[in-house]
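Chain by chain, the residues:
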Amino acid sequence: MSELLFKVVDLDGKAICYFETEVEAEKFIHDLDSVDEFRIEEVNPEKKIDELRRDLYEHCDKTETSRKGIEYLVNYYIHSLGWTEEAALIYAIGLFHNDTIRQIKLFGKDGEEI
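I will try to describe carefully the structure that is included in this document. All residue numbers refer to positions counted from 1 along the written sequence of the respective chain. Totals for whole chains, interfaces and linings use every residue, but because this is a predicted model, local features are given only for residues with pLDDT of at least 70 and side-chain atom pairs only at 80 or more, for both listing and counting. Hydrogens and waters are ignored; side-chain quantities use all the structure's heavy atoms.

1. Describing the overall build of the protein
Note the cut-off: Under the DSSP-based scheme used, a helix requires at least four consecutive residues in state H or I and a strand at least two consecutive residues in state E, with every element numbered from the N terminus. Throughout, a contact is declared for two residues whenever any of their heavy atoms are within 4.5 Å. Note on areas: Shrake-Rupley with a 1.4 Å probe; residue coverage comes only from the protein chains shown.
Within the protein, the secondary structure is distributed over 5 helices and 3 strands. N-terminal to C-terminal, the α/β element order of the protein is β-β-α-β-α-α-α-α. Along the longest, intermediate and shortest principal axes, the C-alpha atoms of the protein span 45 × 30 × 20 Å. Taking all contacts inside the protein whose residues are at least 6 apart in sequence as the whole, residues at least 24 apart take part in 50%. About 7800 Å² of surface is accessible on the protein, with carbon and sulfur atoms providing 51% of the total.

2. Some details on the packing of aromatic side chains
The geometry of an aromatic ring pair is captured by the separation of the ring centres together with the interplanar angle, meaning the angle of the planes. The condition is simple: For Phe, Tyr and Trp, where Trp contributes only its six-membered ring, two rings pair if their centres lie within 6.5 Å, and the inter-plane angle classes them as stacked under 30 degrees, edge-to-face over 60, or tilted in between. Each residue is assigned to one of three classes by its accessible area relative to the maximum for its type, calculated with a 1.4 Å probe on protein chains only: buried under 20%, partly exposed between the two thresholds, exposed over 50%.
Under the definition given, this model contains 5 aromatic pairs. When the ring of Tyr77 is compared with that of Tyr91, the centres are 5.3 Å apart and the planes differ by 90°; the resulting orientation is edge-to-face. Highlighted residues: Tyr77 in helix H3 (residues 67-79) and Tyr91 in helix H4 (residues 85-97), separated in sequence by 14 residues. With a centroid separation of 5.2 Å and an interplanar angle of 80°, the aromatic rings of Trp83 and Tyr91 are classed as edge-to-face. For Trp83, a relative accessible area of 30% corresponds to the partly exposed category. A relative accessible area of 42% places Tyr91 in the partly exposed class. Through a chain of ring-to-ring contacts, the aromatic side chains of Tyr76, Tyr77, Trp83 and Tyr91 assemble into a single cluster.

3. Some thoughts on the sheet that holds strand S3 (residues 38-42)
The test is simple: Here, any two strands with at least 2 DSSP bridges between them count as paired. Working convention: axes come from line fits to C-alpha atoms, limited for helices to the stretch in contact. Angles between N-to-C directions cover 0 to 180 degrees.
The 3 strands lie next to each other as S2-S1-S3, forming an open sheet whose pairing is antiparallel. Both outer strands of the open sheet, strand S2 (15-19) and S3, are each paired with one neighbouring strand and no more. On average, each strand axis in the sheet is inclined to that of its neighbour by 25°, with strand direction left out of account. Bridge count between strand S1 (residues 6-10) and S2: 4 bridges; the pairing is antiparallel.

4. Describing the nonpolar core
Nonpolar side chains in soluble globular proteins generally cluster together in the buried interior. Put simply, the test is: The term nonpolar core refers to a set of buried residues drawn from Ala, Val, Leu, Ile, Met, Phe, Trp, Tyr and Cys, joined through side-chain atoms within 4.5 Å.
If you look at the biggest cluster of nonpolar residues, it comprises 19 residues, and the most contacted ones within it are Tyr18, Leu52, Leu56, Ile70, Val74 and Phe96. Those elements that provide at least two residues to this core are S2, helix H2 (48-62), H3 and H4. Here the element with the most residues in this core is H4; it accounts for 7 residues. What Tyr18 contacts, discounting residues up to four positions off in sequence, is Leu4, Phe6, Lys7, Val43, Glu51 and Leu52. Judged by nonpolar contacts, the second largest core, of 5 residues, contains Val8, Ala25, Ile29 and Phe38.

5. A short note on the pattern of salt bridges
For clarity, the threshold we go by: In the sections that follow, a salt bridge refers to a side-chain nitrogen of Lys or Arg positioned within 4 Å of a carboxyl oxygen of Asp or Glu.
Inspection of every chain in the model, using the stated rule, returns 9 salt bridges. One salt bridge in this structure joins Lys7 and Glu51, with 2.5 Å as the shortest N-O distance. Of the two residues, Lys7 sits in strand S1 while Glu51 sits in helix H2, which places them 44 residues apart along the sequence. Classification of Lys7 as buried rests on a relative accessible area of 6%. Under the relative-accessibility criterion, Glu51 is labelled buried at 16%. The salt bridge involving Arg102 is made with Asp99; its shortest N-O contact spans 2.9 Å. Here Arg102 falls in the partly exposed class, since its relative accessible area comes to 44%. One network of salt bridges, with partners in common, ties together Lys7, Arg39, Glu41 and Glu51.

Without other data, these values stay purely geometric and don't point to any function.
What follows is the structure, encoded as structure tokens:
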């Protein structure tokens, strides 16, 4: 995964997505037709992992998703698939944004819809 140097944040300053270039971030905002609702910020490389983990935990708390379960998933990406911590955290956050986590939570252990 390439280095993600820019992030799109909402009016509260919460990161929505990360991008390699400012142009990609601008296109994302433009495609959403929400120029007034988001802004682009440069990512501070020294704070990136902490910021990503905080963002991930906020998604967990907001959706009542187990932090322990998400940490297990992140660790799987890192230790079994050989991903970087940054890539694993970004991917896990994306699972909240693309509705995958909600869909997974709709099914019980037996595979039946709850």
